[in-house]
Amino acid sequence: MGTMTASSLLCKTADVVPEPVECERVQLRAMTSEMGALRRANGSARVVQGQTAVLCAVYGPAEVKASRELYDRAAVEVTVSPESGLSGPRERLLEQLVTSCCEAAIQVHLHPHTALSITLQVERDAGALLSVLVHACCLGLLDACVPMTSVFAALTCGYTPGGELCMDPTAEQEEGCVASQTFVVDSSSGNITTCHCQGPTTTD
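So, how was this worked out
- Residues numbered from 1 in each chain as written.
- Predicted model: local features only at pLDDT ≥ 70, side-chain atom pairs only at ≥ 80, totals over all residues.
- Heavy atoms only, no water.
- Salt bridge = Lys/Arg side-chain N within 4 Å of Asp/Glu carboxyl O.
- Buried < 20%, exposed > 50% of the residue type's maximum accessible area, 1.4 Å probe, protein only.
- Helix = DSSP H or I, 4+ residues; strand = E, 2+ residues; numbered from the N terminus.
- Polar contact = N/O pair within 3.5 Å; in protein donor to acceptor, adjacent residues only side chain to side chain.
- Contact = heavy atoms within 4.5 Å.
- Expected span 1.5 Å × (residues − 1).
- Pairing = 2+ DSSP bridges.
- Axes fitted to C-alpha atoms, helices over the stretch in contact; angles between N-to-C directions.

**Points about the pattern of salt bridges**
When the charged atoms of two side chains with opposite charge come close together, those side chains can pair.
Piece 1. If you walk through the whole model with that rule in mind, you get six salt bridges.
Piece 2. Here glutamate 77 makes a salt bridge to arginine 68, at a shortest N to O gap of 2.5 Å.
Piece 3. Relative accessible area serves as the criterion here: at 25%, glutamate 77 is assigned to the partly exposed category.
Piece 4. Between arginine 73 and glutamate 103 there is a salt bridge whose closest N-O contact spans 3.7 Å.

Here it is as structure tokens:
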């Protein structure tokens, strides 16, 4: 178990700097990660990006009940637990988005009739939560030695009422944005595998 920086998984054109007070065009918050954070999981990782922190635990592939198994591939099950309180519609949406990222990268056909369970615990949500969930999930899968075609990384961008771009926004900055987009990129092809938009955006 060791501590490592995970900035190499991010967009190479962005510099990792301390959390900005105002929106900066091409700057990301400081980011650290720790793999093998949990002993009883097959794989785990903790990612801190700015003040947003997520802990990931990966279990499996393991046998699954007949009602949940898929004959030609492993079932990927993602659970997102909020910082406090019960899970709601927001967590269900985050689960769907992270599942989509995982299924695009994991070689699920190698383990039919099994399930891969991924639990993501939000320790603190201080902005760009989906990106941090994606990073924690990717590192947790790597720690569990789950076979993947590639690794993946995410970046969240907010747009202010004045049309300024705010990369990797804090929670306070997100509140001041009229829209935001999160892109998940495949490392082998450089293609966007998942894109989530909130608020009105244009193609300009």
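After presenting the structure, the write-up continues.
**Some words on the side chain of serine 131**
Piece 1. Examined against the element boundaries, serine 131 turns out to sit in helix α2 (residues 129-143).
Piece 2. For serine 131, the side chain forms a polar contact with the side chain of threonine 156, separated by 2.7 Å.
Piece 3. The residues touching serine 131, leaving out its near neighbours within four places in the chain, are Ala154, Leu155, Thr156 and Thr182.

**Observations concerning helix α1 (residues 89-105)**
Piece 1. Here α1 spans 25 Å end to end across 17 residues, near enough to the 24 Å set by a 1.5 Å rise per residue.
Piece 2. Those residues of α1 that sit buried are Glu91, Leu94, Glu95, Leu97, Val98, Thr99, Cys101, Cys102 and Ala105.

**What to know about the sheet that holds strand β9 (residues 152-159)**
Piece 1. Pairing within the open sheet is antiparallel, and its four strands lie in the order β10-β9-β11-β12. In this open sheet, the two edge strands, each paired with only one partner strand, are β10 (165-167) and β12 (192-198). Going from strand to strand, the sheet's axes swing by 20° on average, the running direction of each strand aside.
Piece 2. In terms of strand pairing, β9 meets β10 through three bridges, oriented antiparallel. Looking at β10, one finds that glycine 158 is bridged to cysteine 166.
Piece 3. Taken strand by strand, α1 contacts β9, β11 (179-186) and β12, and its axis lies near 165° from that of β12.

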